[in-house]
Amino acid sequence: MSETMVRVSNVYKSYVRGKQKVEVLHGLTIEIPKGDFVALMGPSGSGKTTLLNLIGGLDRPTSGEILVGGQRIDQLSGNALAKWRARNVGFVFQFYNLMPVLTAERNIELPLLLTDLSAAQRRKSVAVALEVVGLSDRARHKPKELSGGQEQRVAIARALVSDPTILICDEPTGDLDRKTADEILGLLQVLNREHGKTIVLVTHDPKAAEFARRTLHLEKGQLLEQAAA
Amino acid sequence: MTRSGFVFANLLRKKTRTVLTLLSVVTAFLLFGLLQAVNVMFSAGADFVGATRLVTQARVSFTQSLPMRLLPEIEAVPGVEQVMWQQWFGAVWQENTQLFFFATDPARLHAVYPEYVMPDQQWKAFEETRTGMIVGRILADKYGWRIGDKVPIASNIFPQKNGSKAWIFDLVGIYDGKDEEWQRNTNLGWINHAYFDEATLFGTGLAGTFTLKLSNPDQAAQIAQTIDSKFENSPDETKTQTEKDFNLGFFKQIGDIGLIVRWILFAVFFTLLLVVGNTIAQSVRERIPELAILKTLGFTDGNVLGFVLAEAAAMCVIGGLLGLGLATLIGIKIGGGGNFPIAVDHRVWITGVLAIVGLSLAVGLLPALRASRLSIVDALAGR
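Model, not experiment: these values are computed from the prediction.

Thresholds applied
Residues numbered from 1 in each chain as written. Chains lettered and ligands numbered in written order. Predicted model: local features only at pLDDT ≥ 70, side-chain atom pairs only at ≥ 80, totals over all residues. Heavy atoms only, no water. Contact = heavy atoms within 4.5 Å. Buried area = accessible area lost by both parts, 1.4 Å probe. Salt bridge = Lys/Arg side-chain N within 4 Å of Asp/Glu carboxyl O. Polar contact = N/O pair within 3.5 Å; in protein donor to acceptor, adjacent residues only side chain to side chain. Buried < 20%, exposed > 50% of the residue type's maximum accessible area, 1.4 Å probe, protein only. Helix = DSSP H or I, 4+ residues; strand = E, 2+ residues; numbered from the N terminus. Pairing = 2+ DSSP bridges. Domains from an automatic or database assignment. 1 Å grid on protein atoms, 1.4 Å probe; cavity = no way out; pocket = protein on both sides within 12 Å on 5 of 7 lines; lining within 4 Å. Points joined across faces, edges and corners; volume = space filled by probe spheres on them. Nonpolar A, V, L, I, M, F, W, Y, C, P; charged D, E, K, R; others polar. Core = buried A, V, L, I, M, F, W, Y, C linked by side-chain atoms within 4.5 Å. Axes fitted to C-alpha atoms, helices over the stretch in contact; angles between N-to-C directions. Parallel < 35°, antiparallel > 145°, perpendicular 65-115°, else oblique. Left-handed = near helix turned anticlockwise from the far one by under 90°.

(A) Just the interface of chain A and chain B, in detail. Each side of the interface is counted separately: chain A has 25 residues, and chain B has 23 residues. Across the chain A to chain B interface the summed buried area is about 2200 Å²; carbon plus sulfur atoms make up 71%. In this structure, the connection of chain A to chain B is made through zero salt bridges. Applying the counting rule to chain A against chain B returns five residue pairs in polar contact (both at pLDDT 80 or more).

(B) Summary view of the pattern of salt bridges. Applying the stated criterion across every chain, the model contains 32 salt bridges over all chains. The closest approach of N and O atoms between A:Asp74 and A:Arg72, which form a salt bridge, is 3.0 Å. Among the residues examined, A:Arg72 registers a relative accessible area of 30% and is labelled partly exposed. B:Glu181 is the salt-bridge partner of B:Arg184, the closest N and O atoms lying 3.2 Å from each other. Given a relative accessible area of 18%, B:Arg184 falls into the buried group. Where salt bridges share partners, they join B:Glu180, B:Glu181, B:Arg184, B:Asp345 and B:Arg347 into one cluster.

(C) View of the pairing of strand β7 (residues 132-136) of chain B. Residue and element names in this part refer to chain B. Across the five residues that make up β7, a large majority, five, are buried. Judged by which residues are buried, β7 turns out to be covered on both faces: Gly-132, Ile-134 and Gly-136 on one side and Met-133 and Val-135 on the other are all buried. Note that β7 and strand β9 (residues 166-177) share five bridges and pair parallel. When the bridges of β9 are listed, Ile-134 appears paired with Gly-173.

(D) Up close: the domain arrangement of chain B. Per the domain assignment, the segments making up chain B are domain 1 (3-45 + 256-380) and domain 2 (60-236). Here the C-alpha centroids of domain 1 of chain B and domain 2 of chain B sit 47 Å apart.

(E) Summary view of helix α1 (residues 48-55) of chain A. Within α1(A), seven of the eight residues are buried, which leaves the element mostly enclosed by the surrounding structure. A:Gly57 lies just past α1(A) and shows a positive phi near 70°.

(F) Focus on the pairing of strand β8 (residues 198-202) of chain A. All names here are of chain A. Among the five residues of β8, five are classified as buried, and the element is accordingly described as predominantly covered. Every second residue of β8 is oriented toward a common face, with Thr-198, Val-200 and Val-202 on one face and Ile-199 and Leu-201 on the other, all of them buried. Sheet analysis places strand β3 (residues 37-41) next to β8, joined by four bridges and oriented parallel. Considered in β8, the bridge of Phe-37 is made with Ile-199.

(G) Structural context of the layout of surface pockets. The space that makes up the second largest pocket amounts to roughly 650 Å³. Elements with a contribution of two residues or more to the lining of the second largest pocket: β1 (4-17), β2 (20-33) and α1 of chain A together with α15 (376-380) of chain B. Looking at the lining of the second largest pocket element by element, the count peaks at four residues for α1(A). Residue composition of the lining of the second largest pocket, by class: twelve nonpolar, ten polar and five charged.

(H) Up close: the nonpolar core. One finds A:Leu51, A:Ile55, A:Val68, A:Leu110, A:Ile166, B:Phe29 and B:Leu294 to be the most contacted residues of the largest nonpolar core, which totals 81 residues. The next biggest cluster of nonpolar side chains, apart from the first, holds 38 residues, and it includes A:Ala39, A:Ala139, A:Leu167 and A:Leu187.

(I) Expanded view of the packing of helix α11 (residues 257-286) of chain B against helix α14 (residues 346-372) of chain B. Residue and element names in this part refer to chain B. Contact geometry for α11 and α14: axes closest at 9 Å, N-to-C directions at 30°. What the angle tells us is that α11 and α14 run roughly parallel. When the axes of α11 and α14 are compared, the crossing they make is right-handed. Of the residues in α14, those touching α11 at Phe-269, Leu-272, Leu-273, Val-276, Gly-277, Ile-280, Ala-281, Val-284 and Arg-285 are Ala-355, Leu-359, Ala-362, Val-363, Pro-367, Arg-370 and Ala-371. Its residues assigned to classes, the contact of α11 with α14 comprises 13 nonpolar, one polar and two charged.

(J) Geometry of the environment of A:Val38. All names here are of chain A. Tracing the backbone shows Val-38 in strand β3. What makes Val-38 buried here is its relative accessible area of 0%. For the pair Val-38 and Thr-215, spaced 177 residues apart in the sequence, the C-alpha separation amounts to 5.6 Å. Non-local contacts of Val-38, meaning those with residues more than four positions away in its chain, are made with Ile-32, Ile-199, Val-200, Leu-201, Ala-212, Arg-214 and Leu-216.

(K) Quick look at empty space enclosed by the protein. Residues and elements named next belong to chain B. Counted according to the given criterion, the structure contains four cavities of 30 Å³ or more. By volume, the largest cavity is sized at about 90 Å³. Along its surface, the largest cavity is lined by Asn-10, Leu-11, Arg-13, Lys-14, Arg-17, Thr-18, Thr-279, Ile-280, Ser-283, Glu-311 and Met-315. Mapped onto the lining of the largest cavity, the elements with two or more residues apiece are α1 (3-11), α2 (15-42), α11 and α13 (301-335). Per-element tally for the lining of the largest cavity: the top contributor is α11, with three residues.

Right, here's the structure in full:
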């Protein structure tokens, strides 16, 4: 786990909300090795999601440097960043964010439309992803026909299907009961331990954080301490 | 799944809304197709007659007849190769169906209108049968008339000397047009002027208009001026113009059809713009988080713009083509046998396709730009 996957160096991030400028991150520096499973915890407004968005290339820092997989992403243009995300990052959100008009398999196939894969290759990749999350029998179901846990599994399969180097998970169990949450977190753990995926997880739930290899605590936009799981 | 499959899946997200919007597009383009066909008929529809003929009418109005004594003077004008005359008969078929019938000299009609194609034998029969009449193919087919039929036609203007407005003619010929355009105009009937002139109670020795075939169409303006100046300050002043201008003037007596049609279409498309534009905009507003997810997954701003624009275009293209298709079918149904031969032809389709493209851009571009410019972070946070 010595190779660095994410390096966040002296990053500042501020937003303008109305007439007010809100400083969210203050000179944050974090390093995440390849194959790590990091839980980011902290109170609301501490900057967890902001940091996650920056690592996932959804937003740009006000200043500072962000390297992911050796590539400096804070200087990429909008289109280049979009293409980088398609190749390197898988996202899992609290409310699953699946396309309601598409079946599970088509939701999973969606990121593959950005690749050069043939229809047959795409179908094969989708089948593998469905198998990994244990939902092969639900391939033709639309999101509204699935339970919350199943929807989240589909979202994880969609995040995995293009074989990204890093998984970004924003409160993935926040909308699930304990048992289902543990199943989802167990799945993430398997993906980290058996498939070598680097995972950054934002959570408020200390039990969820226990599934990670280590936990980072943020408060007022700064790193507090580091705890090994 | 393909990208177009994704577009159609989104289009069918709310089926009722999509179907209703689609119906409004279909209706608008149906109306567009038919009105544009009317517009073409009234404005460009006279193009097919060419510029080889002039029409001389009374200066005040073509509803006022000219005396036949003008004929030799018109014939004597250099450049005039042949002259025919025609008198509006005011024909009525059965109860109340008005037909376009004219009294003319058969030989002169044949000479001036070579575009009317009919066997020589039938032309000869028309010349030799005083009660003879010929009709265009459309008219014959519509009323099931056959050569040899005795056809009772009333006139709402001219009674016979016995006071009866009921006339009976012998159908001696059915003519076709030399091409598709002329065939579409085979909706006229012609009777023998010599018989009409002798039998009518009044209006003898008169012609509604004179039609002049020119030896050199380039001299049309000069010949028209010569004829009109010849009768200037006489009791029978004339107005001579090309046949195309005459036809357009005839149609324009109803009003500036082109302008009326344009205004109706403007109103239709403005309403359509609001309806479809609102549907697309609403559809985009409803799925801001989904569009943000597309961008999160790596779809570029251009990809997202393309998706929304494609949805708008699909709605307009499907609805537009269905509407134009329906208009074409209705045009065939109602245009074929009427006095006004409208046709939803290639000219209407070209304008229609341009309208579809314009409408797609007009209704899709703004929502598509809005979708493409979404900030992922704000959209996912519901801001």
